[in-house]
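# Overview (structure and organization)
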Amino acid sequence: MIIDAHTHLFNRYGHLRGLNAKQFVGVLDKHDINMAGLFTLTGFLEEPAKYNNDLAAAVKEFPDRLYAFCTVNPRDGEKALRELRRCRFDLALPGIKLHPWLQAFSVTDPMMFPILEESIKLNMPIIFHDGSVPFSTPSQIGLLADLYPEAKLILGHAGLKDFFREAILVAQRHKNVFLCPSGVPVLGIKLMTEKAGADRMMFGSDLPFGGEELLVHKLNTLRGLEITDAERSMILGGTICKMLNLKPT
Amino acid sequence: MKIIDVHCHVGKGIHKELSAQKLLKIMDDHGVDRAGICPVDEEIAVRNKEGNLFLLDLARKWPDRFMGFAVANPWYGKQAIEELRRAINEGLRGLKINSALQGFFLNDPLVYPLIEEAQRLRIPVYCHTGTPVGALPSQLADLASLFPQVVFIMGHAGYTDFWYDVIPSAKKAPNILIELSHFNNVPTIRKAMSELGCERFLFGSDSPVSSIAVELDKIRLLKLSQNDEERVLFGNMNGALG
């Protein structure tokens with residue numbers, strides 16, 4: 001069983017063409033992936049509600065294969081909280097994706113605090129783009145984990161290349177921090193498995209960035225990793241299934 | 001097909017550990033003929049001489065398999081230049097700089113005397129890039145444009161957040177070669193190759209942080225012509241060593 005816990009649904013982004021829901025499922029079929037977690041991309045830069053609706057429509061088309069995390073603009077204040085509730089209750093989206101680098105806010109900006117509080121009330125995990133200065137490093141997200149120990153926080157890149165050791169430390173110190181090592185070197189993924197535990201880790205490809213080839217490369221990397229099969233299975237789907245109560249067929 | 005892995009670390013660092021024997025075994029398993037080697041964290045930052053002596057020992061034991069990249073922290077001033085000269089005269093083949101680890105901005109005039117020495121010694125200079133604030137492709141482009149006779153290797157191709165800078169940097173300084181470890185976005189690499197030409201790219205693994213298996217998997221996914229793949233895996237670096 002494989003769940004890809006980090007992908008993006010969009011039409012066009014600069015020169016990059018996205019995949020529609022049907023094409024997504026085609027890629028999943030081709031690589032024996034049971035489900036993918038979709039996030040927006042354009043919605044980080046424009047009005048989030050429209051793009052949350054697109055995500056929900058994609059999930060409605062293939063409910064057994066796709067799930068989606070919504071986004072909001074933390075600058076929107078009360079409106080952002082209403083959008084979170086709409087996404088949770090009307091659109092049935094189980095989590096939140098924030099991209100501090102593209103959305104241009106620091107994760108510890110006080111405007112984030114109500115978002116964190118609402119995410120706890122709604123039981124929606126938040127996955128962050130991370131590993132990039134100046135807005136979204138693992139220790140910055142660690143500060144949020146200190147303030148909100150009940151929130152479920154996922155580092156969407158587990159520190160990338162330069163911050164993976166910091167991501168491990170943050171995960172060790174905060175039981176509510178999870179790691180999606182999309183873009184972490186192979187040594188980092190191995191160390192994370194040893195020190196933070198596979199039950200805190202989830203596979204993510206960042207599709208369609210890097211295309212199918214990067215997806216294949218990341219799956220090959222994970223398959224070649226010297227960890228136990230039980231650990232590999234947690235990373236490839238177990239952790240995210242447990243977190244979101246997914247039941248892939 | 002012959003293969004040179006431009007960049008590996010040998011020794012025991014904070015979190016990485018790789019012995020020469022183990023690296024040789026991995027190289028044999030994957031058909032890698034030669035590897036550029038440098039020492040690990042502490043020896044790159046401060047204990048340069050210990051690192052270089054260790055590399056010299058390995059380069060002497062396996063002269064056909066290892067090319068040592070000497071380390072010298074420019075904060076040591078004249079001592080760093082003497083250390084580089086000694087290490088190269090005794091058999092190392094290049095200079096490795098990690099300005100993030102060594103604590104300076106890659107284009108700071110602090111490093112000029114060391115680069116001047118590399119120019120006199122006619123050796124390539126491998127620079128770690130992709131780590132803000134002081135190890136960026138744009139800073140390397142600035143440095144490399146001041147020393148057009150020196151071959152600079154842009155380690156890790158700027159990595160994720162700085163890949164936009166790679167092509168303009170390589171265009172600004174034609175004496176930059178791009179080493180691809182960790183940068184695994186296959187379509188983006190392919191596009192950069194079509195824009196800059198395959199002769200600007202080098203295969204490197206950054207073992208043991210990434211691995212030869214993982215990095216070769218990526219190169220194969222590029223589906224280059226045999227001629228282009230040969231250049232990336234071998235010919236370009238072989239040429240740069242003179």
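Up top you'll find the structure we're talking about.
The structure reproduced in this document is the subject of the present report. (Residues numbered from 1 in each chain as written. Chains lettered and ligands numbered in written order. Predicted model: local features only at pLDDT ≥ 70, side-chain atom pairs only at ≥ 80, totals over all residues.)

### Here's the deal with helix α9 (residues 186–196) of chain B
Turning to α9 of chain B, its buried residues number three or more, namely V186, T188, I189 and A192 of chain B. End-on view of α9 of chain B: buried residues confined to an arc of 160 degrees, all on one side of the axis. Opposite the packed face of α9 of chain B, turned more than 90 degrees from it, sit the exposed residues S194 and E195 of chain B. Looking at the buried side of α9 of chain B, the elements it contacts are α9 (211–223) of chain A together with α8 (166–172) and α10 (212–221) of chain B. At the C-terminal side of α9 of chain B, G197 of chain B shows a positive phi close to 90 degrees. (Buried ≥ 20, exposed ≤ 12 C-beta atoms within 10 Å, placed from the backbone. Helix = DSSP H or I, 4+ residues; strand = E, 2+ residues; numbered from the N terminus. Arc of directions from axis to C-beta. Contact = placed C-beta atoms within 7 Å.)

### With respect to the sheet that holds strand β4 (residues 35–39) of chain A
Residue and element names in this part refer to chain A. Ordered in space as β1-β4-β5-β6-β7-β8-β9, the 7 strands form an open sheet in which the pairing is parallel. With one partner strand each, in any of the chains shown, β1 (3–8) and β9 (177–179) form the two edges of the open sheet. For this sheet, the mean angle separating the axes of adjacent strands, direction not counted, is 30 degrees. Of the strand pairs in this sheet, β4 and strand β5 (residues 66–70) are connected by 3 bridges, and their pairing is parallel. (Pairing = 2+ DSSP bridges. Axes fitted to C-alpha atoms, helices over the stretch in contact; angles between N-to-C directions.)

### Quick look at the pairing of β1 of chain A
Residues and elements named next belong to chain A. For β1, the tally of buried residues reaches 6 of 6 residues, placing the bulk of the element in the interior. Looking at chain direction, β1 and β4 are connected through 4 bridges and run parallel. Bridge assignment links I3 to a residue of β4, and that residue is M35.

### Points about the interface of chain A and chain B
Counting residues at the interface gives 21 residues for chain A, matched by 22 residues for chain B. When residues in the side of chain A that touches chain B are grouped by element, the largest group, 7 residues, is from α9 of chain A. Residue classes in the side of chain A that touches chain B are distributed as 9 nonpolar, 8 polar and 4 charged. (Nonpolar A, V, L, I, M, F, W, Y, C, P; charged D, E, K, R; others polar.)

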